[in-house]
Amino acid sequence: MNWYEFEDQGPKITVEKGRCRFSGQCIGKPYFLTSLERDTPRATFQSFEVTLIAAQVAKCEYGIAVLTNRGNTNPETPWHGLWVGFDSQGKLRRVLGDTTTANGGQIVLTGMEVKATLPDPKMVRLKIERGVMGNQGQMKCLNIWIWNPAKNDYDLVEKDIQCSEGAGNDYRVEVWGRCDKNAEYSFYADNARILARTKGSK
């Protein structure tokens, strides 16, 4: 499946030394998304992980998302899912919402702060992983992880975030950035990985 770029608000997505760079001035609608997106099969989805590298982020919000629910397969129908990212103060937040409210929204206003120690606030590897909850594992949920270089492993920072699933056979994953009109920002997304579950796993 291909990656899709949505960059009609001013900031552009380019590739520099193997990294995706999100940069530029917002000349469109305030806090509308610039994003890099890809659909991935729901049946085998395990996790989505990306390294985010801050450059000029004092006036923007940026992060990743896993979108799990679409009311129907109409391309115009909004996606709904989990958005995880940094506000303009550098605080990590998360919010459940859809793509309609994400355009023009601000995670600093609607998102819950994720209580986590960041090993390096300027370079953070985030992972959103699908899990199950309930005695029979019948309820789908999402978990948030942050890479800890000292351990050479991930730290679980929030778990059992309930998510719903709608029509269609895919999830959608994305890297996103947004800012106020006339503001500028710049950050990099590196080493994006979508991991698939092995056959027979929940």
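Draft legend 1. Molecular detail of the overall build of the chain. A count of helices and strands for the chain gives two helices and 14 strands. A compact globule built from 202 residues should have a C-alpha radius of gyration of about 17 Å, and the chain, at 16 Å, falls within 12% of that. Expressed along its principal axes, the backbone C-alpha trace of the chain runs to roughly 50 × 45 × 35 Å. Here the chain holds 202 residues, and the buried ones make up 48% of them. For the chain, restricting intrachain contacts to residue pairs at least 6 apart in sequence, the fraction spanning at least 24 positions comes to 63%. Looking at the chain as shown, the accessible area adds up to about 10,300 Å², and 47% of this sits on carbon and sulfur atoms. For the chain, the distance from the average site of its 27 positive side-chain charges to the average site of its 24 negative ones is 3 Å.

Draft legend 2. Representation of the side chain of Asn148 in the model. Tracing the backbone shows Asn148 in strand S11 (residues 139-148). In this structure Asn148 comes out as buried when scored by relative accessible area, which is 14%. Excluding residues that lie within four positions of it along the chain, Asn148 makes contacts with Pro119, Asp153, Tyr154 and Asp155.

Draft legend 3. Fine view of the environment of Lys127. Tracing the chain through its elements places Lys127 in strand S10 (residues 123-133). For Lys127, a relative accessible area of 11% puts it in the buried group. As for Lys127 and Arg193, which are separated by 66 residues in sequence, their C-alpha atoms are 9.2 Å apart. Apart from the residues lying within four places of it in its own chain, the contact partners of Lys127 are Ser47, Phe48, Glu49, Asn143, Ile144, Trp145 and Tyr154.

Draft legend 4. Just the nonpolar core, in detail. Membership of the largest hydrophobic core comes to 36 residues, with the highest contact counts inside it found for Phe22, Leu52, Leu126 and Val175. Of all elements in the fold, only strand S3 (19-25), strand S5 (45-56), strand S6 (60-70), strand S7 (79-86), S10, S11, strand S13 (170-179) and strand S14 (184-196) reach the threshold of two or more residues within this core. Excluding residues within four positions of it along the chain, Phe22 makes contact with Lys12, Ile13, Thr34, Ser35, Leu36, Val175, Trp176, Tyr185, Ser186, Phe187 and Ala189. In terms of nonpolar packing, the next biggest core, distinct from the first, is built from nine residues, Leu67, Trp79, Trp83 and Val95 among them.

What counts, and at which threshold
- Residues numbered from 1 in each chain as written.
- Predicted model: local features only at pLDDT ≥ 70, side-chain atom pairs only at ≥ 80, totals over all residues.
- Heavy atoms only, no water.
- Helix = DSSP H or I, 4+ residues; strand = E, 2+ residues; numbered from the N terminus.
- Rg over C-alpha atoms; globule rule 2.2 N^0.38 Å.
- Buried < 20%, exposed > 50% of the residue type's maximum accessible area, 1.4 Å probe, protein only.
- Contact = heavy atoms within 4.5 Å.
- Areas by Shrake-Rupley, 256 points an atom, 1.4 Å probe, with all protein chains shown as cover.
- Lys, Arg positive; Asp, Glu negative; His and termini not counted.
- Charge placed at Lys NZ, Arg CZ, Asp CG, Glu CD.
- Core = buried A, V, L, I, M, F, W, Y, C linked by side-chain atoms within 4.5 Å.

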